[in-house]
Amino acid sequence: MSRNQTSHFEGGMNRKGKDRILFSQDGLLSRQAGQVGFAYRGLNLCRPATQTAPGLNVPDDVKMPATPPDYAATKACTSLLSNGLFRSTTPQFLYCSIIVPHPPYRTNATYLNKLPSLGNQSVPNFRPRGTIHPSDEYTMKVKESYLTDQVPADEIGHFRRVYFSMCIEASELMGRVLDALESGGGSDNTFVIFVSDHGEHATENRQCGKNSMLEASARVPFVIAGPGIRPGQTFPNTLASLSDLYPTVLDMAGLTSQGIQNHVGESLLPVVQGRSKTKRDNFITSEYHSVYSGTGIFMVRRADLKLVVFAPVHGDSWAPQLFNLTSDPWEHANLAAQQPETVTELRQLVEAAYDNTTAADLRKKDFDKFMFEKFWYDKQGGANGCIKAMMKVYKGFDPKSDVPKVEQWLGKPCK
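Residues numbered from 1 in each chain as written. Predicted model: local features only at pLDDT ≥ 70, side-chain atom pairs only at ≥ 80, totals over all residues. Heavy atoms only, no water.

Across its full length, the protein chain holds twelve helices and eleven strands. Counting only residues that meet the buried cut, the protein chain has 50% of its 415 residues in that class. The contacts in the protein chain between residues at least 6 apart in sequence include a share of 71% that link residues at least 24 apart. Accessible surface, the protein chain: about 19,700 Å² in total, of which carbon and sulfur atoms supply 51%. (Helix = DSSP H or I, 4+ residues; strand = E, 2+ residues; numbered from the N terminus. Buried < 20%, exposed > 50% of the residue type's maximum accessible area, 1.4 Å probe, protein only. Contact = heavy atoms within 4.5 Å. Areas by Shrake-Rupley, 256 points an atom, 1.4 Å probe, with all protein chains shown as cover.)

The following block contains the structure:
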């Protein structure tokens, strides 16, 4: 996306995790049964137990590679804007949402030819398998991507080129929207925000999709343009979160978020318009409780340091992760053991943000169980349909070893 007046924030993060993602044609969860993904943490089922190298062959000759809703949304937004929506004397708000870049991964020569060489970024710097954190290993295995390093380098490189070509198409679709704003009038008095709800692994960390606090998944673009914003600004020392989006939009509308119950985040408008040098808070936080995670995951980022902590895991605990993102952009060097004081200091921030991470995780796991019973166990026939239903969605589900886990978790029979 290109605009004359833009402001870029460093290290945007998604504070709230999404509920589900499906990243492959034959992945662990089918589309029909994706809703049971939230049972992972309660059931403690890491399936499939046997790993194979994932297939990363994706098409590069699709005539219209983005999804139909992408083209429909772009057409609708450009029509409204080119017909003068923002020339109105009445304040207007337009939300234009597209899915690309997002599974299914596919592109064509139009976008591939616009992508420069990836050079030494063609294949990510994979961390050796014996040094992977238990949480990351769990996620890789339930995604069936643990052996991504065994995929041929040219196949990985092609997959990554396809993904980045999808980013180019997304940029072009948004460019049409901005062109329509210019031609339809009102651009001089319009704020534009470009943001994403999450990042996306493109085989970094042996993964595709999101579902992680690692940078490829958790970091998002956050670009603001509009009145009073000096062109070309960047804010490499200011951390922004998606939690800041709502108060920023209110501020742009001349409203205030004061008095809103449980409000989080703060307006970024004073910073981008030069009325303030920095935000009130110099850190951001995030939490994740959804599919492919072994337990609740919490993150705090301050300056170059990012701390990731984990809720208890079936009576066990996983060590925290502390990364310096400037000196270690691939997040391979866990500094937690060498800097215990920093871990304690940053952990206090995240514990305060979520009113005790263990308690927050327990509440979410209780809700997971409720959702599983109501929308899966009961709807699949209860006890008598349980094994058949579980075998639909857990590849390699073993009735002998796994049924006792289901029954212990639910407190109900599984036959």
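Once you've had a look at it, read on.
Let us now look at the pattern of salt bridges. Per the counting criterion, the structure on display carries 16 salt bridges. Glu-172 is the partner of Lys-114 in a salt bridge, and the nearest nitrogen-oxygen pair spans 2.3 Å. Residue Lys-114 is located in the loop between α3 (109-112) and α4 (134-142), and its partner Glu-172 is located in helix α5 (residues 153-184); the two are separated by 58 residues in the primary sequence. Using a relative accessible area of 45% as the deciding quantity, one classes Lys-114 as partly exposed. Arg-219 is the salt-bridge partner of Glu-215, the closest N and O atoms lying 3.8 Å from each other. Several salt bridges share partner residues, and in doing so they unite Glu-215, Arg-219, Lys-306 and Glu-331 into one network. (Salt bridge = Lys/Arg side-chain N within 4 Å of Asp/Glu carboxyl O.)

In contact at an axis separation of 7 Å, helix α2 (residues 68-82) and α5 are set at 15° when each is read in the N-to-C sense. With respect to α5, the element α2 is oriented roughly parallel. In this structure, α2 meets α5 at a crossing whose hand is right-handed. Every residue of α5 that contacts α2 at Asp-70, Tyr-71, Thr-74, Cys-77, Thr-78, Leu-81 and Ser-82 is listed here: Glu-169, Leu-173, Arg-176, Val-177, Ala-180, Leu-181, Ser-183 and Gly-184. (Axes fitted to C-alpha atoms, helices over the stretch in contact; angles between N-to-C directions. Parallel < 35°, antiparallel > 145°, perpendicular 65-115°, else oblique. Left-handed = near helix turned anticlockwise from the far one by under 90°.)

With that settled, consider the nonpolar core. Formed by 28 residues in total, the largest nonpolar core has its most connected members in Leu-56, Leu-81, Ile-98, Val-100, Tyr-105, Phe-159 and Leu-173. Counting residues per element, the ones that place at least two in this core are α2 and α5. Considering every element that reaches this core, the biggest residue donor is α5, with twelve residues. Apart from the residues within four sequence positions on either side, Leu-81 is in contact with Phe-86, Leu-94, Val-177, Ala-180, Leu-181 and Gly-184. If you look at the next biggest cluster of nonpolar residues, it comprises 17 residues, including Leu-43, Tyr-394, Val-406 and Cys-414. (Core = buried A, V, L, I, M, F, W, Y, C linked by side-chain atoms within 4.5 Å.)

Quick look at the side chain of Thr-357 now. Turning to its location among the elements, Thr-357 is positioned in helix α10 (residues 357-377). For Thr-357, the side chain forms a polar contact with the side chain of Glu-351, separated by 2.7 Å. Among residues more than four places away in sequence, those in contact with Thr-357 are Phe-298, Arg-347, Val-350 and Glu-351. (Polar contact = N/O pair within 3.5 Å; in protein donor to acceptor, adjacent residues only side chain to side chain.)

With that settled, the discussion passes to the packing of α10 against helix α11 (residues 386-393). Direction vectors running N to C along α10 and α11 enclose 100°, while the axes themselves pass 12 Å from each other. As summarised for this structure, α10 and α11 are arranged roughly perpendicular, according to the angle between their axes. Contacts between α10 and α11 involve Phe-372, Trp-376 and Tyr-377 from the first element and Cys-386, Ala-389, Met-390 and Val-393 from the second. Counted by class, the contact of α10 with α11 contains seven nonpolar, no polar and no charged residues. (Nonpolar A, V, L, I, M, F, W, Y, C, P; charged D, E, K, R; others polar.)

To continue, consider the packing of aromatic side chains. The final tally for this structure, using the stated rule, is nine aromatic pairs. Here the aromatic rings of Tyr-138 and Trp-318 are separated by 6.5 Å at their centres, their planes lie at 55°, and the arrangement is tilted. On the criterion of sequence distance, the pair formed by Tyr-138 in helix α4 and Trp-318 in the loop between β10 (305-310) and β11 (321-324) is long-range, its members being 180 residues apart. Each member of the pair Tyr-138 and Trp-318 is classed as buried. Ring pairing ties together the aromatic residues Tyr-105, Phe-159, Tyr-163 and Phe-164, which thus form one cluster. Of note, Lys-141 hangs over the ring of Tyr-146, and the distance from its end group to the ring centre comes to 4.9 Å. The residue whose ring lies beneath Lys-374 is Phe-375, and the NZ or CZ to ring-centre distance is 5.7 Å. (Phe/Tyr/Trp six-rings, centres within 6.5 Å; stacked < 30°, edge-to-face > 60°. Lys NZ or Arg CZ within 6 Å of the ring centre and 35° of its normal.)

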